[in-house]
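# Analysis of the macromolecular model
Below, each chain spelled out in residue letters.
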Amino acid sequence: MQGCWETESAATPMGQLAYFIEFLNLTGLWSRWLESCPLAYTSPNAPGEAEVLGTWLLSMLAGHRRYSHVTVIRCDGINPRLSGMGKVISEDALRNARMSSHAAPG
């Protein structure tokens, strides 16, 4: 990954996430977190572990405190791809994943 500073361009408050995501990838923390994920879906339409955990992570790092705030990051095309996510999932899918994780055997 290469970074390029542009002094004339507009800044984004989530621009620093690319560096943090790269850190998670290079240290293997991201892949180990995905491997230890207890979620298991049987539906072919269900989101993958990367989408669920990545949406949680991006939302928390953005300072969100409610599921409805996830909508703000759904248009981010950069940070989810850096995490290997296909997309940022909806607030309902995130809520359902949390509820199903409570029911899963631990």
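Our subject is the structure listed above.
What comes next is a walk through the structure. As the structure is a prediction and not an experimental result, all values here were calculated from the model. (Residues numbered from 1 in each chain as written. Predicted model: local features only at pLDDT ≥ 70, side-chain atom pairs only at ≥ 80, totals over all residues. Heavy atoms only, no water.)

### A word on helix H1 (residues 17–27)
Here is the rule we go by: Exposure classes here rest on a 1.4 Å probe applied to the protein chains alone. A residue is buried below 20% of its type maximum, exposed above 50%, and partly exposed in between. Only DSSP runs of H or I covering at least 4 residues are called helices, and only runs of E covering at least 2 are called strands; the numbering of each starts at the N terminus. To obtain the arc, one takes the directions from the helix axis to the C-beta atoms. Residues count as neighbours in contact if any of their non-hydrogen atoms are within 4.5 Å of one another.
Within the span of H1, buried status applies to Leu-17, Ala-18, Ile-21 and Leu-24. Looking down the long axis of H1, one finds its buried residues gathered within 120° of arc, a one-sided arrangement. Buried residues belonging to H1 abut helix H2 (29–35), helix H3 (49–61) and helix H4 (79–82). Two residues or fewer after H1 comes Gly-28, characterised by a positive phi angle close to 85°.

### Points about the packing of aromatic side chains
So the rule is basically this: Geometry of aromatic contacts follows a simple scheme: Phe, Tyr and Trp rings, the Trp one being its six-membered ring, pair when their centres are within 6.5 Å, and the pair is stacked under 30 degrees between planes, edge-to-face over 60, tilted otherwise.
Across all of its chains, the model carries 2 aromatic pairs by this definition. With 5.7 Å between their ring centres and 70° between their planes, Trp-30 and Trp-33 make a pair best called edge-to-face. Placement of the pair is Trp-30 and Trp-33 together in helix H2, with a separation of 3 residues, close to one helical turn. Residue class for Trp-30 comes out buried when judged on its relative accessible area of 6%. Residue Trp-33 is classed as partly exposed on the basis of its relative accessible area, which comes to 34%.

### Topic: the packing of H1 against H3
Angle between the axes and distance between the axes are the two parameters that describe a pair of packed helices. Short version of the rule: Fitting a line to C-alpha atoms yields each axis, with helices limited to the stretch in contact; the angle taken between N-to-C directions then spans 0 to 180 degrees. Note on terminology: angles under 35 degrees are roughly parallel, angles over 145 are roughly antiparallel, angles of 65 to 115 are roughly perpendicular, and the others are oblique. Take the far helix as the reference: if the near one is turned anticlockwise from it by less than a right angle, the crossing is left-handed, and if turned clockwise, right-handed.
Interaxial distance between H1 and H3 falls to 12 Å at its minimum, and their mutual angle equals 135°. Considering their axes alone, H1 and H3 lie oblique with respect to each other. Where H1 crosses over H3, the two elements pack in a sense that is right-handed. Residue-level inspection shows Leu-17, Phe-20, Ile-21 and Leu-24 of H1 in contact with H3, the latter providing Leu-57, Leu-58 and Leu-61.

### Describing H3
Along an α-helix, residues three or four positions apart point the same way, because every turn accommodates 3.6 residues. The line we're drawing: One less than the number of residues in a helix, times 1.5 Å, gives the span that helix is expected to have.
In this model H3 runs 18 Å from its N-terminal to its C-terminal C-alpha over 13 residues, within 8% of the 18 Å that 1.5 Å per residue would give. For H3, the full list of buried residues reads Ala-50, Glu-51, Val-52, Leu-53, Gly-54, Thr-55, Leu-57, Leu-58 and Ser-59. Taken from the residues just after H3, Gly-63 is the one with a positive phi, measuring 85°.

### A few points about the pattern of salt bridges
Here is the rule we go by: In the sections that follow, a salt bridge refers to a side-chain nitrogen of Lys or Arg positioned within 4 Å of a carboxyl oxygen of Asp or Glu.
All chains considered together, the criterion is met by 2 salt bridges. With its nearest N and O atoms 3.7 Å apart, the salt bridge here joins Arg-95 to Glu-91. With Arg-95 and Glu-91 both in helix H5 (residues 91–103) and 4 residues apart, this pair spans about one turn of that helix. Accessibility expressed as a relative area gives 30% for Arg-95, which makes it partly exposed. What you see here is one network of salt bridges that share partners, running through Glu-91, Asp-92 and Arg-95.

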